[in-house]
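Examining the three-dimensional arrangement
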Amino acid sequence: MKTAVIGLGVLGAATARSLARAGAEVTVYERDHALAGTSATSFAWTNSHNKNPRSYHELNVAGMAEHEALAEQPGTAPAWYVRNGNLEWAGDAAGTERLAASVGELLDRDYPVRWITPREARRLVPDLRLAPDAEHIAHYPEEGHVFPALLVSRLWGEARDLGARLRRPAEVTGLRETADGVRVELSDGTADEADAVVIAAGRWTEHLTAAAGHRVPMADPDAAGTATVGLLGYTNPLPTRLDRVLTTPRLNVRPDGAGRLIVQGLDLDADADPAAPPAVDGPHAAELCCRLSELLAGTEGVRLESLRVGQRALPADGLTVAGFLGDSTRVYTLATHSGITLGPLLGRLATRELLTGEPDDLLTDFRPGRLIGRTRLPALQPARFAGQQ
C-alpha cells in the first residue's frame with residue numbers, strides 16, 4: 001500500500017514506523033521540519049491522570065504499556081524514555097480533597113499509586129524541599145517522561161531504515177479522493193497520488209480534514225489563556241538531583257537532560273499568549289525560577305534559557321480522535337492532546353486498521369464521526385491544578 005503521512009511529530013513518526021514495518025510504501029509530508037508543532041513544546045509526561053471517561057483512561061494506560069514494549073525491543077537503546085515515576089502532593093485543603101479523590105479513582109481502576117511519607121519522598125528525591133504541611137504524597141511508580149526529539153529520532157530513524165521517505169518543506173493544501181485512491185495536493189501546485197492518507201498534523205488537523213471534506217473541529221490553538229496554550233520554561237544546567245516527574249501545587253518539573261529541567265506553573269498559563277510570548281528574563285520567568293528554588297536544593301542561581309508558549313493539539317471535545325473520515329477507508333485522522341503518551345500506540349493501531357480494515361475496540365469511543373458537523377461545543381476548561389494536564 002502506498003501511504004502518505006502528513007506531519008512529522010510524534011504521531012506522524014510513530015505511524016510512519018508502524019506502516020513501514022508492515023511493508024507499506026510510506027511518504028511523510030512535513031511543511032516545516034520534524035517537531036515543528038506541539039511535540040516540541042510538551043511537558044512530555046506519560047500518565048493516565050484524570051483521563052475520563054474510563055475508555056480514555058484505558059487508552060492512556062495502553063499507551064504507557066506501548067512505550068514499555070518499544071523500549072524493551074532487542075537492539076534498541078531507550079534513551080528517549082525514563083520511567084522513574086511521579087510524586088504529587090497538594091498545598092491546601094481543597095487541593096488535598098482533589099488529590100484524594102483522584103487517587104481513589106485511580107486505585108479503583110487498579111492504577112499503580114500509593115501514599116508515601118515525606119521521608120520516603122526525600123529518599124526518592126534527595127534534594128526535595130517540602131513544605132511542613134506536605135504530609136501525604138502520592139507516588140505513581142510506573143509513570144515517566146519522554147524526550148520528544150529522541151523519541152521522534154527513534155521512530156523516524158527506523159521508518160527511514162525501512163524505506164520511508166520524507167518530503168520537506170511540503171505543505172499539503174488539499175486532499176481529494178479519486179477512484180483509485182487519494183490525491184495529495186501541495187502548495188507548490190504539484191500533487192501526488194496515494195492509496196491512503198494519515199493526517200497527523202496536530203493543531204492543523206481542522207484545516208486538513210476540512211480540505212478532505214469532513215471537518216474535525218479543534219479547540220483554537222491561538223486563543224490566549226485557554227486550555228490549548230501553556231508556558232514551559234527550560235533551565236540552564238543545574239547541580240540538583242532529580243530523575244523523575246514532580247507535579248506539585250505551584251510547579252511541575254521534570255529532567256530535560258544534561259542537567260537541565262523543564263518547569264511549568266499551571267496557574268501562570270492564564271497569561272500564555274502565542275502572539276506575545278513572555279521574555280526569558282521577565283516576571284513569568286522570574287516566578288518560575290523562584291518556585292523551582294523553593295522546591296529543589298541545588299537550583300540556586302537558576303535561569304531560564306528558553307520560555308516557550310506551547311500550543312496543544314486539542315480536539316474540540318477534549319478527547320482523542322482516531323479513525324477514518326466519513327465512510328471512506330482511505331483518509332485516516334489522528335489528533336490528541338495526549339500525543340506523547342499515546343503516540344506509539346496510536347501509530348500501531350492506525351496501521352492495523354488501515355491495512356486490515358478491522359476496527360480496534362480501544363478506539364471505539366474516539367472516532368472522528370462524533371465531531372464532524374458539530375459547531376456548538378462547550379468551552380474546554382484549562383488545567384490549573386497539579387495532575388490535571
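All of the points below concern the structure found in this document. As the structure is a computational prediction, the values presented were derived from the model and not from experiment. (Residues numbered from 1 in each chain as written. Predicted model: local features only at pLDDT ≥ 70, side-chain atom pairs only at ≥ 80, totals over all residues. Heavy atoms only, no water.)

**A look at the environment of Arg31**
Relative to the assigned elements, Arg31 resides in the loop between strand 2 (25-29) and strand 3 (45-46). Here the alpha-carbon distance between Arg31 and Leu334, two residues 303 residues apart in the chain, equals 17 Å. Discounting residues that sit within four places of it in the chain, Arg31 has contacts with Pro169, Ala170, Glu171 and Trp204. (Helix = DSSP H or I, 4+ residues; strand = E, 2+ residues; numbered from the N terminus. Contact = heavy atoms within 4.5 Å.)

**Regarding the nonpolar core**
One finds Val26, Trp156, Tyr332 and Leu334 to be the most contacted residues of the largest nonpolar core, which totals 45 residues. Among the elements of the structure, helix 1 (10-21), strand 2, helix 2 (54-71), helix 5 (148-161), strand 13 (196-199), strand 19 (321-324), strand 20 (331-335) and helix 8 (339-356) are those that each provide at least two residues to this core. Not counting residues up to four positions away in its chain, the partners in contact with Tyr332 are Val197, Val198, Ile199, Ala322, Gly323, Phe324, Ala350, Glu353, Leu354, Leu363 and Arg367. Judged by nonpolar contacts, the second largest core, of 30 residues, contains Trp89, Ile137, Ala285 and Val302. (Core = buried A, V, L, I, M, F, W, Y, C linked by side-chain atoms within 4.5 Å. Buried < 20%, exposed > 50% of the residue type's maximum accessible area, 1.4 Å probe, protein only.)

**Digging into the state of the cysteines**
Taken as a whole, this structure holds zero disulfides when the rule is applied. Looking at Cys289, it has no disulfide partner, and the nearest cysteine sulfur is the one in Cys290, 8.8 Å off. (Disulfide = S-S within 2.5 Å.)

**Describing the side chain of Lys51**
Structurally, Lys51 is set in the loop between strand 3 and helix 2. Among buried charged residues, Lys51 stands out as having no salt bridge; its nearest opposite-charge side chain is Glu143, 8.6 Å away. In contact with Lys51, other than residues within four places in its own chain, are Tyr56, His57, Asn60, Arg109 and Ser338. (Lys, Arg positive; Asp, Glu negative; His and termini not counted. Salt bridge = Lys/Arg side-chain N within 4 Å of Asp/Glu carboxyl O.)

**Brief notes about the sheet that holds strand 4 (residues 81-82)**
Pairing is antiparallel in the open sheet, where three strands are placed in the order 3-8-4. The sheet is open, and its two borders are formed by strand 3 and strand 4, each paired with just one other strand. Sheet analysis places strand 4 next to strand 8 (residues 144-146), joined by two bridges and oriented antiparallel. If you follow Val82 over to strand 8, its bridge partner there is His145. (Pairing = 2+ DSSP bridges.)

**Things to note about helix 1**
In a regular helix each residue adds 1.5 Å, so 12 residues correspond to 16 Å; helix 1 covers 16 Å between its end C-alpha atoms and thus fits that length. Judged by how many residues are buried, helix 1 sits mostly within the fold: 11 of 12 residues are covered. Looking at helix 1, one finds that the buried residues are Val10, Leu11, Gly12, Ala13, Ala14, Thr15, Ala16, Arg17, Ser18, Leu19 and Ala20. Looking one or two residues beyond helix 1, the residue adopting positive phi is Gly23, at roughly 95 degrees. (Expected span 1.5 Å × (residues − 1).)

**Considering the sheet that holds strand 7 (residues 137-140)**
Spatial ordering of the open sheet is given by 6-7-5-15-16-17-14-18, a layout of eight strands whose pairing is mixed. On the outer flanks of this sheet lie strand 6 (114-116) and strand 18 (304-311), each paired with one strand and no other. Pairwise comparison of adjacent strand axes, ignoring direction, gives a mean angle of 25 degrees for this sheet. Relative to strand 18, strand 14 (residues 229-235) runs antiparallel, the two sharing seven bridges. Each bridged residue has a counterpart across the sheet, and for Val229 the counterpart in strand 18 is Gln311. Where helix 7 (residues 283-295) meets the sheet, its contacts fall on strand 14, strand 15 (245-247), strand 16 (252-257), strand 17 (260-264) and strand 18, and the angle it forms with strand 18 comes to roughly 110 degrees. (Axes fitted to C-alpha atoms, helices over the stretch in contact; angles between N-to-C directions.)

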